[in-house]
Structure formats: structure tokens, C-alpha cells
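Observations on the model geometry
These are the residues of each chain, in order.
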Amino acid sequence: MKTIIGATTLFMLIGFVAHGTGQTQGAEKIGSQVWMIQNLDTSAFRNGDAIPEAKSDQEWEAAGKQGKPAWCYYQNDLSTGKKYGKLYNWYAIADSRGISPPGWRVPSAAEWQALIDATGGEVAGGPLKSRGTSNWQSPNAGATNTSLFSALPGGYRDPQGGFSNLSHYAAFWTATECGPLGAWARHLSRGDTKVYLNGIGKNYGFSVRC
């Protein structure tokens, strides 16, 4: 995300090329912030260094135990990645080389809260979720996507390498720790319009929105 500075600054829907992928993405002004409208899908840090891909359960688990960055596609399936982006452990988020494109950042827990406050508070999941059931499994309750944030349910990867809840949950890292082994994350569900706040082990694999 970005924070808008100055009352005369106007951000409309824009395009940019995400580093390391060549994928053109978009952004949307929401309240006083600008957010990507797709999940992050980069395989390189900002300086060009590769983020290690962890395909096997053993590679994923080892990266988490060693506190090293890693990414994967859900079920290691490129076609899934094209729709939902990559899953990253939190060590990739926190790496000093930077996972976000120049001028962008992974939002803090407070910045996520500002987004939620700007899009309905306790029922912000409705305005944030992409509409329909082509990506979300039914019922995708209350989804209106009036914010144009277009949250996608990319599921997650657990510390042992198992994959869960594709098309059921949109789970996003924040940049804020909640302890030595955990960080705050937000998730949205197909079943309601809440945006849940959870302290999650840094060795999980979640989506990222800058």
C-alpha cells in the first residue's frame, strides 16, 4: 500500500509492473491509502535477489524452522498462482531486502485497521471481497467489492507444508510482529463479512497485499 500525502494528490486506477514478475497489476485509492488490487506475485526481492521457492513440504518446513524467507504457489500449481498470487512466509515479508515494489510497502497492522475503518468497520469484508463465486466458494456472503480491493481467497500453507482453504479464505500478512515467533494477519471468509485479526506463526504461508 501507499499513503496519500497532500489534499490535492489524486490517485485513480493505475498500472505498474511488479518487480521480478513482469506482471501488470493495478492499484486503487481507498480512504487515505492506495492499495494493490491483486495479491503480490513476485519471486524476487527489491534488489533483484531471488526469494527461495519451497515446493516440497520439507523445504517449506525447513525454511520456517530456520527463519528464512520462502514462497510457493498453492499446491505448487502455477495455474493457481496466476489467479491468486503467491503465498509467503513472514520471513520473506520482514527481510531487509524488501519484498514490495519500489514506492510500496507491506502494510502494518495499524494500516490494515485504517483500511477496515474506511470500508465499513465490522462488516468491511463485504466491501473488500471480490464478488461472485468464480473465485470464492459459495456463499461468499455479503460480497459487494464496493472498495474495489477485490480480495481473493488464496488459502494458506501450514508450517509442515500442508495447504488449506483455497477459495474459502483470503489470508493476508501484516508487517507487524505479535511476538518472537508470530505476526499479525487478517483473514476474510466466504461465510461472513468480518475481517478477522489473528496472531499467526511466522512459518505459515499467507498472501500479501502492498
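Just so we're clear, the structure is a prediction, and the values are computed from it rather than from any experiment. The numbering scheme is per chain: residues are counted from 1 as the chain's sequence reads. Given that the model is predicted, a residue must reach a pLDDT of at least 70 before its local features are reported, and side-chain atom pairs must reach 80 or more before they are shown or counted; all residues, however, enter totals for whole chains, interfaces and linings. Values reported for side chains reflect all heavy atoms of the structure, with hydrogen atoms and water molecules removed beforehand.

**Section: the overall build of the protein**
For the protein, the count of helices and strands is five helices and eleven strands. Per-residue burial for the protein yields a buried fraction of 50% across its 210 residues. Pairs at least 24 residues apart make up 57% of the contacts formed inside the protein by residues separated by at least 6 positions. Working note: accessible area of the protein is about 9,000 Å², and carbon and sulfur atoms make up 51% of it. Only DSSP runs of H or I with at least four residues qualify as helices, and only runs of E with at least two residues qualify as strands; both kinds are numbered from the N terminus onward. Only protein chains enter the accessibility calculation, which uses a 1.4 Å probe. A residue is then buried if its area is under 20% of the maximum for its type, exposed if over 50%, and partly exposed in between. Contacts are assigned to residue pairs with any non-hydrogen atoms lying within 4.5 Å of each other. Surface accessibility in these figures is a Shrake-Rupley result with a 1.4 Å probe; residues are shielded only by whichever protein chains are displayed.

**Thoughts on unusual backbone geometry**
Each neighbour pair has its own omega, and for S138 with P139 the value is 20°, a cis peptide bond. Within the secondary structure, P139 sits in the loop between α5 (125-128) and β7 (156-157). Positive phi is not limited to glycine here, since N145 has a value of about 55°. Structurally, N145 is set in the loop between α5 and β7.

**Notes on the environment of N47**
For N47, the position within the fold is in the loop between β4 (33-36) and α1 (57-66). Exposure remark for N47: the relative accessible area of 48% places this residue in the partly exposed category. Remark: the alpha-carbon pair of N47 and P101, spanning 54 residues in sequence, is separated by 9.8 Å.

**Structural notes on the nonpolar core**
Generally speaking, nonpolar side chains in soluble globular proteins are found buried as a group. Residues grouped as a nonpolar core are buried Ala, Val, Leu, Ile, Met, Phe, Trp, Tyr and Cys residues, joined through side-chain atoms within 4.5 Å. Counting 23 residues, the largest nonpolar core has L40, I51, Y88, I93, I99, W173 and V208 as its most contacted members. Looking at this core, the elements that each hand over two or more residues are β4, α3 (90-94), β9 (169-179) and β10 (182-189). Ranked by residues supplied to this core, first place goes to α3 with three residues. In this structure V208 touches N39, L40, Y88, I93, V106, F172 and W173, once residues within four positions along its chain are discounted. Core analysis: the second largest hydrophobic core is formed by 15 residues, I116, F149, A151 and L188 among them.

**A word on the confidence of the model for the protein**
For the protein, mean pLDDT is 91; residues scoring 70 or higher make up 89% of the total. The pLDDT value expresses, per residue, how confident the predictor is, ranging between 0 and 100. Taken as a whole, residues 5-24 scores under 50 in pLDDT and shows 40 contacts with residues more than four places along the chain or in a different chain.

**Re the sheet that holds β9**
The three strands lie next to each other as β9-β10-β11, forming an open sheet whose pairing is antiparallel. Bordering the open sheet on either side are β9 and β11 (195-201), each of which pairs with just one other strand. The mean angle between the axes of side-by-side strands here comes to 30°, regardless of whether they run parallel or antiparallel. Two strands qualify as a pair provided that DSSP identifies no fewer than 2 bridges between them. Two strands pair when backbone bridges link them, and β10 and β11 are joined in this way by seven bridges, in the antiparallel orientation. Its bridge partner lying in β11, A183 is registered against I200. On the sheet, helix α4 (residues 109-118) packs against β9, β10 and β11 and is oriented at approximately 135° with respect to β9. To get an axis, a line is fitted to the C-alpha atoms, and for a helix only the part in contact is used. The angle between two axes follows their N-to-C directions and goes from 0 to 180 degrees.

**Some points on the side chain of H187**
When you line up the elements, H187 lands in strand β10. We classify H187 as buried; its relative accessible area is 19%. Two N or O atoms form a polar contact when they lie within 3.5 Å of each other; inside protein one atom must be a possible hydrogen donor and the other a possible acceptor, and for residues adjacent in sequence the pair counts only when both atoms belong to side chains. A polar side-chain atom of H187 sits 3.0 Å from a polar atom in the side chain of N198. In this view, H187 contacts Y169, A170, A171, K194, V195, Y196 and N198; residues no more than four positions away in its chain are not counted.

**Observations concerning the environment of T176**
Along the chain, T176 turns up in strand β9. Spatially, the C-alpha atoms of T176 and P107 are 8.2 Å apart, while their sequence positions differ by 69 residues. In this view, T176 contacts W90, S108, A109, A183 and W184; residues no more than four positions away in its chain are not counted. A polar contact of 2.9 Å, which involves the side chain of T176, links it to the backbone nitrogen of A109.

**As for the pattern of salt bridges**
Here a salt bridge means any side-chain nitrogen of Lys or Arg lying within 4 Å of a carboxyl oxygen belonging to Asp or Glu. Evaluation of the coordinates by the stated rule reveals seven salt bridges. Two residues, K65 and E61, come together in a salt bridge whose shortest N-O distance is 3.4 Å. Residue K65 and its partner E61 are located together in helix α1, separated by four residues, close to a single helical turn. On the accessibility criterion, K65 (67% relative accessible area) is exposed. Its relative accessible area of 26% is what places E61 among the partly exposed residues. A salt bridge links K202 to E177; the shortest N-O distance between them is 2.4 Å. Of this pair, K202 sits in the segment after β11 while E177 sits in strand β9, placing them 25 residues apart in sequence. Classification of K202 by relative accessible area gives buried; the value is 4%.

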